[in-house]
Amino acid sequence: IRTALAMAALAATAVALAPRIATADCADLALVLAIDSSGSVDAAEDSLQRTGYAAAFSDPTVQAALQAAGVVDVALVLWGDTEMSPQVFPWQRIAGPADVGAVVSTLLQAPRRVTGNTGIGSGVMAALDLLSAHCGLRQVINVSGDGIESQSPTARRHVTLVAARARAVEMGVTINALAITDDTADLGQWYEKHLITGAGSFVIEVNSFAAFGEAIIRKLGREIAPPQLALLQPAD
């Protein structure tokens, strides 16, 4: 009986370890920052978003979350008009504090080449393309924006948010959002209904771009931390 129990325990351990062994080169977290670069975001507001993200990665709260998460791969998508291809910046690995500088550099120096309407669907789809070709034990898309999706049924390259979100559900990807509500007061509720998905997904609201920096620290800290630690953080 003891031998049978020991063999059963060994088999259970092997099964538990198998996914980790099979994915030894995977990041613990693959995170895509999908940033609104549509026409409603002027140059000053774009700068507030970029500098807010960049400063957040050096904040103690986010640094602690990164350390708890393990190996984190970060990519960047700037999205805007549905007729324009989103700008995609490749994966950068954060395995320790010294690696944060490269991510910050990309956030601050990436040229902006998209504008126009609010093509959230195309931005999310571009983020999913990145994740589908990348190995991460957790896969998360961090969306920030200030408006609902533009309706462009006649656009040649229109990708609906409905289609993008359905793909995220199929892939098991979590989408979280930061809603900047200065122009659209109920944007947070719209994001809750139409955008976010996945286990533990959430929306944080701010009423202006000026408040973005503090909010993105809370958001990144919550979504980067392993789920069991994120649950300990106060609700927004």
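Being a predicted model, the structure only gives us computed values, none of them experimental.

Peer 1: Help me understand the pairing of strand β1 (residues 27–36) in this model?
Peer 2: Regular strands place their side chains on alternate faces of the sheet. The element β1 is largely enclosed, with a buried count of 10 among its 10 residues. Alignment of β1 against strand β4 (residues 136–145), held across eight bridges, turns out to be parallel. Its bridge partner lying in β4, I35 is registered against S144. Sheet analysis places β1 next to strand β2 (residues 72–79), joined by eight bridges and oriented parallel. Its bridge partner lying in β2, A34 is registered against V77.

Peer 1: I keep staring at the sheet that holds strand β6 (residues 203–206) and nothing clicks. Help me out?
Peer 2: Note: strands within a sheet are paired through backbone hydrogen bonds, in either parallel or antiparallel orientation. Taking strand neighbours across the sheet as the criterion, the six strands line up as β3-β2-β1-β4-β5-β6 in an open arrangement whose pairing is mixed. Looking along the sheet, the strands with just one partner apiece sit at the ends: β3 (87–94) and β6. Recorded for the sheet is a direction-independent mean angle of 15° between the axes of neighbouring strands. Strand direction decides the pairing type here: strand β5 (residues 174–180) and β6, joined by four bridges, are parallel. Bridged to L178 within β6 is I204.

The rules behind the values
- Residues numbered from 1 in each chain as written.
- Predicted model: local features only at pLDDT ≥ 70, side-chain atom pairs only at ≥ 80, totals over all residues.
- Heavy atoms only, no water.
- Buried < 20%, exposed > 50% of the residue type's maximum accessible area, 1.4 Å probe, protein only.
- Helix = DSSP H or I, 4+ residues; strand = E, 2+ residues; numbered from the N terminus.
- Pairing = 2+ DSSP bridges.
- Axes fitted to C-alpha atoms, helices over the stretch in contact; angles between N-to-C directions.

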